[in-house]
Amino acid sequence: MFKLKDVMEKIIKIAVSLFVKNGFKATTTRQIISEANIRNGTLYHYFKNKDDILKYILVDAFDEITKRAEQLLSEEENLVMHFSLRIALTLKIVDKDPRIADLYTEAYRSWLIMERLLPILIEQSEKSFQEYSPQLTKEEHYIRSLAILGCMYGFIAEGHYNKHINFEKKVSVLLDMILSSFSVEKKARESFIERSLFILSGMNDNEIALFPDK
């Protein structure tokens with residue numbers, strides 16, 4: 001008999017596969033239920049709807065990107081560098097795979113999902129920018145984190161639908177805006193941006209892929 005956690009993880013795994021293969025909008029909860037070979041009530045025991053499933057997927061992706069950034073940098077590395085690389089790596093992942101860009105675009109439209117990501121980003125920003133902006137209040141970190149997610153959505157959607165801005169320019173502009181808002185001086189900003197782009201340039205497609213087996 002499946003443990004509760006096993007059933008939940010199975011649903012998420014099937015949903016990821018279907019979302020990536022067919023797109024978020026085209027995938028129905030009925031398809032997820034059928035592929036997972038579970039009853040209707042089982043899915044709704046764990047998740048309210050498709051957005052709720054996508055929320056869990058995005059939180060897992062957020063954690064995975066954080067782990068990858070940590071693997072690419074040493075523990076002694078400046079925390080702002082870790083923060084910068086997480087942002088740049090997220091943009092690289094969606095830039096390389098339009099299916100993942102579709103998922104992120106849908107996710108960033110949902111306040112349910114944004115509301116779940118905000119506390120994670122706030123915690124990271126408070127920890128990362130203590131050296132540069134120790135005076136910032138919780139509300140000010142909230143406002144900046146909200147702006148970061150909004151800008152991320154804009155750049156991801158632009159890349160998904162238009163692709164008028166090249167990847168390096170997007171990363172440079174976005175990171176410069178973010179780091180400036182936390183009072184990181186220009187020379188340091190340029191260094192963090194240059195290093196982030198350099199690290200990403202050395203990664204192969206398998207290292208970048210968020211769901212390499214899909």
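First things first, this report covers the structure right here in the doc. (Residues numbered from 1 in each chain as written. Predicted model: local features only at pLDDT ≥ 70, side-chain atom pairs only at ≥ 80, totals over all residues. Heavy atoms only, no water.)

1. As for the overall build of the protein chain
In plain terms, the rule: Secondary structure counts use DSSP, requiring at least four H or I residues in a row for a helix and at least two E residues in a row for a strand, with both numbered from the N terminus. The globule rule is 2.2 Å times the number of residues to the power 0.38, and the radius of gyration it is compared with is taken over C-alpha atoms. Three labels apply to residues, based on accessible area from a 1.4 Å probe with only protein chains included: buried if under 20% of the type maximum, exposed if over 50%, partly exposed otherwise in between. Should any heavy atoms of two residues lie within 4.5 Å, those residues are considered in contact. Under the convention used here, a 1.4 Å probe and the Shrake-Rupley method define accessible areas, while residue burial counts only the protein chains that appear. Positive charges come from Lys and Arg, negative ones from Asp and Glu, while His and the chain ends are left out of the count. To locate a charge, take NZ of a lysine, CZ of an arginine, CG of an aspartate or CD of a glutamate.
When helices and strands are tallied, the protein chain shows 11 helices and zero strands. Reading the protein chain from its N end, one meets helices and strands in the order α-α-α-α-α-α-α-α-α-α-α. For the protein chain, whose C-alpha radius of gyration is 18 Å, the value lies close to the compact-globule estimate of 17 Å for 214 residues. Taking the principal axes of its C-alpha atoms as reference, the protein chain extends roughly 55 × 35 × 30 Å. A buried classification covers 49% of the 214 residues belonging to the protein chain. Intrachain contacts of the protein chain at a sequence separation of at least 6 include 73% that bridge at least 24 residues. In the form shown here, the protein chain has an accessible surface area of approximately 11,600 Å², with 51% of it arising from carbon and sulfur atoms. Across the protein chain, the mean location of the 30 positive side-chain charges is 6 Å away from that of the 31 negative side-chain charges.

2. Things to note about the nonpolar core
Short version of the rule: Throughout this description, the term nonpolar core refers to a set of buried Ala, Val, Leu, Ile, Met, Phe, Trp, Tyr and Cys residues connected via side-chain atoms within 4.5 Å.
Ranked by size, the top nonpolar core spans 74 residues in total, and within it Ile-11, Phe-19, Ile-53, Tyr-104 and Tyr-108 carry the most contacts. Sort the elements by how many residues they give to this core and helix α5 (residues 79–96) lands first, with 10 residues. Once you skip the residues sitting within four places of it in the chain, Ile-53 turns out to touch Ile-11, Ala-15, Phe-19, Ile-32, Leu-43 and Phe-47.

3. As for the pattern of salt bridges
What counts here: Throughout this description, the term salt bridge denotes a Lys or Arg side-chain nitrogen within 4 Å of a carboxyl oxygen of Asp or Glu.
For the coordinates displayed, the defined rule picks out 11 salt bridges. When the shortest N-O distance is used, the salt bridge between Asp-52 and Lys-55 registers 3.1 Å. One end of the pair, Asp-52, and the other, Lys-55, are both in helix α4 (residues 50–72), three residues apart, so they sit about a helical turn from each other. With a relative accessible area of 5%, Asp-52 lands in the buried category. The class for Lys-55 is buried, based on a relative accessible area of 16%. The closest approach of N and O atoms between Arg-195 and Glu-77, which form a salt bridge, is 2.7 Å. Highlighted residues: Arg-195 in helix α10 (residues 186–201) and Glu-77 in the loop between α4 and α5, separated in sequence by 118 residues. For Arg-195, a relative accessible area of 33% translates into the label partly exposed. For Glu-77, a relative accessible area of 21% translates into the label partly exposed. Where salt bridges share partners, they join Lys-25, Glu-106 and Arg-109 into one cluster.

4. Details of the side chain of His-141
Tracing the backbone shows His-141 in helix α8 (residues 138–161). The residues contacting His-141, other than those within four sequence positions of it, are Ile-122, Ser-125, Glu-126, Leu-136 and Phe-182.

5. Focus: helix α9 (residues 167–181)
Cut-off, in case you're wondering: One less than the residue count of a helix, multiplied by 1.5 Å, gives the span that helix is expected to have. Comment: arc refers to directions from the helix axis out to C-beta atoms. Polar contacts here mean pairs of N or O atoms no more than 3.5 Å apart (in protein, one a potential hydrogen donor and the other a potential acceptor; neighbouring residues in sequence count only if both atoms are side-chain atoms).
If you check α9, its first and last C-alpha atoms are 21 Å apart, about what 15 residues at 1.5 Å a residue would give, namely 21 Å. Residues Phe-167, Lys-170, Val-171, Leu-174, Leu-175, Ile-178 and Leu-179 constitute the buried set of α9. For α9, the angular spread of the buried residues around the axis is 135°, confining them to a single face. Summarising the contacts, the buried residues of α9 are in contact with α5, α8 and α10. Sitting at the head of α9, Asn-166 places a side-chain oxygen 3.3 Å from the backbone nitrogen of Glu-168.

6. Remarks on α10
The terminal C-alpha atoms of α10, which comprises 16 residues, lie 23 Å apart, in line with the 22 Å expected from a rise of 1.5 Å per residue. Of all the residues in α10, the buried ones are Ala-188, Arg-189, Phe-192, Ile-193, Ser-196, Leu-197, Ile-199 and Leu-200. For α10, the arc enclosing every buried residue in end-on projection is 165°, short of the 170-degree limit, so these residues lie on one face. Exposed residues on α10 whose side chains face more than 90 degrees from its buried face are Lys-187, Glu-194, Phe-198 and Ser-201.

Taken by themselves, the reported measurements are silent on function.
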